[in-house]
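What follows is each chain in one-letter form.
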Amino acid sequence: MCGIVGIIGSSRISPRLIQSLLNLEYRGYDSCGLAILNNGVIDVRKDTGPVHQVAEQLRFSEMDGCAGIGHTRWATTGTVTRANAHPHLDNSGEFALVHNGIIANYRALRQKLQHAGHRFLSETDTEVLVHLLAHKYAETGILDEAIRRMCRELEGTFALAVISNHEPDRIFAARHESPLIVGIGTGENYIGSDFNAILDYTRNVIPIHDGELVILSRDSVSIRRLDTGEKIQREFVKLNWDPELSQKGGYPHYMLKEIHEQPNTVEAALTMDPEKLEAMCIKIQNARRVYLIGVGTTFYVALTAQYYFRRLTGRHCIALSSDEFEHVAEVDEHTLVIAFSQSGETYDTLHALRYAKNAGSHTAAIINVLGSSMVHEVEMVIMQQSGPEICVLSTKAAIAQIVIALRLALEVGKATGELSTHAFNDHLEQLNKLSTRVRRVINETKGFVNTIARETKKIRNWLFIGRGIYSAVAMESALKMKEVTYHHAEGIPGGFMKHGTIALIEDGFGSIFFLPPQSEANLYHHSIANAEEIKSRHGFIVGFGFGEPSDLFDHQIRLDDYDPLTAPILLLVLGQLFSYYSAVVLKRNVDRPRSLAKSVTVA
Amino acid sequence: MKSIVLTAGQGTRLEPLTDCHPKAMITICGQPLLARLLTSFSRIGCHETAVVINPRHRSMVNRFDRLVSPALPSITWFEQTEGLGVGNGVLAARTYIDTGEYFMLSYGDIMFSDNLLQSLLNSFNSIRKPVAAVCLTRDSSDFGVIYMDQEMRITEIIEKPQQRKLGNYVLAGAFILPGGFISVLADCGGNIIDAFTKFLHSSELYASIWEGEWIDIAYPWSVLAANQMLMREWHQTIQSTSIVIESGVNISGPVVIEDHVTIKSGASIIGPCFIGQNSFIGHHALLRDCTCIGAGSTIGFGVEVKNSVIMAGSEIGRLSFIGDSVIGEHVEVGSATIMVNVRMDQATVSVDICGEPIDSGLKKLGSFIGDHAWIGANHTFLPGTKIPAHHVIPHFGTYPPRQ
């Protein structure tokens, strides 16, 4: 995913291009660059780093010229280096090109062009495009014709924008399966990979469809078909408001919206195909060894699932972090590996699955994104149907995965006879009530959570403590806290306290307890004992739990509508809300925390 | 878009600060609450507004008209029968609104950081349906709590929330509604919560979440909270060119000093602080931590003022301490008056509101003095004391003793 912008006008455009790059940074932030046409020479400046830094170092604002293109990069082909950053020039320096997408046949094209004498400076597929364009231009001498011929040879996806000193008053752009739009200004026109690129200058937009070529001058826009060259007439659309705002449905952040969607994702997760459920259940029964793998949030999902499986089926299904999988897992043909992944593209998990597959193991996955790589890698897939999750932090997808794991454990428990029919029906009924309970937690505790978050915003170090399955909830909540507030939070099982961690506790050190219901007396009393240890060392204690409040805690939220089986999920919702409101109070970038990406597709 | 602002509330809970004028005219940092609210209306392009007042407060119209500035929208004044709720306030201005149009409705006693109305308008523009601003508060027992679904449609409004239902978003007192809402309101006899509930069922009302600061000016200490909220947003010092500052004055932090202020030598002003025009700050005075001095006030020698609002024309005698207190207009405070702001048992301070002690939740809270009160020298006020307007307290411990 990369960001593209192009502006053609009658005044210096560099300040506006910089602003557009800043607005596009969320689409990619490992490198950026500009190419501006000035007196028949294309001035290209690009480097690795965030936009504001590169713009300052390379003095983007001093670039003159009225037509230019810019790019923010999220590396896919070729590493993060200055040479690989866009825009790319051909050898003569007559064409500059930016591109978003992946060209599948770039190696073949590159070899062909190298034979024809083109020298390549980078490892990217994009550079192939600009050389190919120069090559085609040499054949035809007409730029739009050259672009059309070039596009005909490409396989893969692209949205691209081109400037050339042969056509100094124009910007050319084309798209195939990557987003592209045109913006209409007064005496100035724009091209961008999305609305954010041009949001500051115009609200009049022409959407561009696949297989179309756009020729932009400062006072005209012409759209043609890439294959026939035929002209297309299309009216502009006036966008009244920030489309992202309408996508968020009025919520201030995607994270809060997605937390609010959780009751529905729980329901959706429970409507899974009974045949699939049964097939998966048989797979688990047949396997001698079951691994549950994930990384980050999905590892904690696996950890929670591990407790559910032990409780409902009597089996220990081993939860492992995907990145460590190949170093510790014992894999053979009697092994089943169940992977959890929101995106289905997670590098570590894919790698672990391939490793298991090579050893003859069976594989399955619970995935949210249809058509992702993992879908094709495993023998069996359960789609969780949570809908797109946009906030980088996973909330609703994680809850849905836990629910699916729980449902699966119930089914296996019933099949193996570990659960009586009565117990099974009872649990299933409680599980069906979960969405209502989650809705109540969200609707009735936000104010309390917000109050706690306001009072604890200065605490920079946290311990999140739980016992039993609640330790997994504590770890996942701690991860949320770390990700979104940048404060240090460590999730630990309560038993760890005495064995070292307690040395950290001092005046004002923050801790959150995820307390089991009081009916689970053993776990509950041990958790309370931990809280007392912290209290006696003047630590600050927040308690999330059920039933009657206890005066031990500085702040507490107690839920009164729960059942012991699904109770951990309700506390996880509190953990999410706490991280969310802490981040809001601290004015963090909630939906796009620093240094994080939605799906980690690299090692 | 037209708007209606409701300011006819009697403000009894705010006594003694509302003894002489309505709460909309409580002045913080040189501007009455109403003027500040109306300025945010014009900033979002809402240039016509109706203001509904209590007939008792007619004088405020004159006083307000004197303030007229380009930053304010043009105002049409309406009067509401005294003692009836906010719903009747809206009905009082019903002729002002065209049935087919949307209008903005706001309570006059809310304050927010910049700019709740803009976010409300953004929400409205993106969905073109009626919207209500909602926010989270520390204690939602005084407000209408709402429940909403995942599309942010409000599904329920609970007027008097019970313990379990407290932890939720509350109506923040700003709405964008269709003109037709007024006839729903009339059908419900002016009860606005009933009208909203009815409206939820017949058409849709969406929530617009406000995550910034929001204060409902309900209690005397809310004035201090509002003052702090304003000042905490300042990042720079603004001084008029006509001020006189003697040598040896120490100013730090963001401070706003208006025209013709005199500050004598030895004074320390530790921002954020506000000093209104024509004020006089005596030798060795110490003003610190969110102190607001109204126009034309006099602060005597060696006075310390901390986190307090002193309104226009008041005089604080030498060697006094004013901490976490609100002093009305034209109050005379005799020398060596101490407004104690902390209890010896470190408990939170309660204040008598309409005959009932209400916990302010604050460990540090001083006194509240009504307009034109005259306090003799040498008194000590315990935390949470209220002095009504025009009250006179003789000097303490005088010689010869009084007969």
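Residues numbered from 1 in each chain as written. Chains lettered and ligands numbered in written order. Predicted model: local features only at pLDDT ≥ 70, side-chain atom pairs only at ≥ 80, totals over all residues.

Asks: Just to check I follow, could you spell out the overall build of chain A for this structure?
Replies: Helices and strands together make up the secondary structure of chain A, namely 18 helices and 25 strands. For 603 residues, the compact-globule estimate of 2.2 N^0.38 gives 25 Å, and chain A sits close to it at 28 Å. Principal axes of the C-alpha set define a box for chain A whose edges measure 80 × 55 × 45 Å. Burial analysis of chain A (603 residues in total) assigns 53% to the buried set. Looking at chain A alone, contacts between residues at least 24 apart form 70% of all its contacts between residues at least 6 apart. (Helix = DSSP H or I, 4+ residues; strand = E, 2+ residues; numbered from the N terminus. Rg over C-alpha atoms; globule rule 2.2 N^0.38 Å. Buried ≥ 20, exposed ≤ 12 C-beta atoms within 10 Å, placed from the backbone. Contact = placed C-beta atoms within 7 Å.)

Asks: Honestly, the pairing of strand β7 (residues 158-164) of chain A in this entry has me stumped. Any pointers?
Replies: Across a regular strand the side chains alternate sides, sitting on one face of the sheet and then on the other. All names here are of chain A. Of all seven residues in β7, seven are buried; the element is thus mostly enclosed. Here β7 shows two buried faces, one formed by Phe158, Leu160, Val162 and Ser164 and the other by Ala159, Ala161 and Ile163. Of the strand pairs in this sheet, strand β6 (residues 95-100) and β7 are connected by six bridges, and their pairing is antiparallel. Among the inter-strand pairings, Ala96 is bridged to a residue of β7, identified as Ile163. Strand direction decides the pairing type here: β7 and strand β8 (residues 171-176), joined by five bridges, are antiparallel. (Pairing = 2+ DSSP bridges.)

Asks: Would you explain the packing of helix α3 (residues 106-115) of chain A against helix α4 (residues 125-140) of chain A in this entry?
Replies: Two quantities define a packed helix pair, namely the angle between the helix axes and the distance between the axes. All names here are of chain A. Relative to each other, α3 and α4 sit at 45°, their axes nearing to 10 Å. Judged on the interaxial angle alone, α4 and α3 are oblique. Here α3 and α4 pass one another in a crossing that is left-handed. Residues Tyr106, Leu109, Arg110 and Leu113 of α3 lie in contact with α4, whose contacting residues are Asp125, Val128, His131, Leu132 and His135. For the contact of α3 with α4, the class distribution of residues is five nonpolar, two polar and two charged. (Axes fitted to C-alpha atoms, helices over the stretch in contact; angles between N-to-C directions. Parallel < 35°, antiparallel > 145°, perpendicular 65-115°, else oblique. Left-handed = near helix turned anticlockwise from the far one by under 90°. Nonpolar A, V, L, I, M, F, W, Y, C, P; charged D, E, K, R; others polar.)

Asks: How do you make sense of helix α15 (residues 421-455) of chain A when you look at a structure like this?
Replies: Note that an α-helix has 3.6 residues per turn; residues three or four places apart therefore point the same way. If you check α15(A), its first and last C-alpha atoms are 48 Å apart, about what 35 residues at 1.5 Å a residue would give, namely 51 Å. A maximum bend of about 55° is found in α15(A) at A:Thr445. (Expected span 1.5 Å × (residues − 1). Bend = angle between axes of the 7 residues up to and from the residue.)

Asks: What is the right way to read the confidence of the model for chain B from this model?
Replies: Interpreting fine coordinate detail is not advised for predicted regions of low pLDDT. Per-chain confidence: chain B averages 89 in pLDDT, with 98% of residues scoring 70 or above. The ipTM value of the predicted complex is 0.73, and its pTM value is 0.70. (pLDDT = per-residue confidence, 0-100.)

Asks: What exactly am I supposed to notice about the domain arrangement of chain B here?
Replies: By a frequent convention, interface size equals the accessible area lost on bringing the separate parts together. All names here are of chain B. Partitioning chain B into domains gives domain 1 (2-218) and domain 2 (232-393). Put simply, the middle of domain 1 and the middle of domain 2, counted by C-alpha atoms, are 31 Å apart. Facing 11 residues of domain 1, the contacting portion of domain 2 comprises 21 residues. Considered class by class, the residues forming the side of domain 1 that touches domain 2 number five nonpolar, four polar and two charged. (Domains from an automatic or database assignment.)

Asks: Just checking my understanding: could you explain the environment of A:Asp591 for this structure?
Replies: All names here are of chain A. Checked against the element boundaries, Asp591 lands in the segment after α18 (567-585). With 107 residues separating them along the chain, Asp591 and Val484 place their C-alpha atoms 8.2 Å apart. In this structure Asp591 touches His253, Tyr254, Met255, Ile390, Cys391 and Val392, once residues within four positions along its chain are discounted.

Asks: Explanation requested: unusual backbone geometry in the structure shown.
Replies: With the exception of glycine, most residues fall at negative phi, and the peptide bonds are largely trans. The omega torsion across B:Gly271 and B:Pro272 is 0°, close enough to zero to call that bond cis. Mapped onto the elements, B:Pro272 comes out in the loop between β19 (268-270) and β20 (273-275). The residue after B:Tyr399, namely B:Pro400, is reached through a cis peptide bond having omega -5°. Even without being glycine, A:Tyr486 reaches a positive phi, approximately 65°. Checked against the element boundaries, A:Tyr486 lands in the loop between α16 (469-485) and β22 (488-493). Residue A:Tyr486 is classed as partly exposed on the basis of its 15 C-beta neighbours within 10 Å. Non-glycine residue A:His538 carries a positive phi angle of around 65°.

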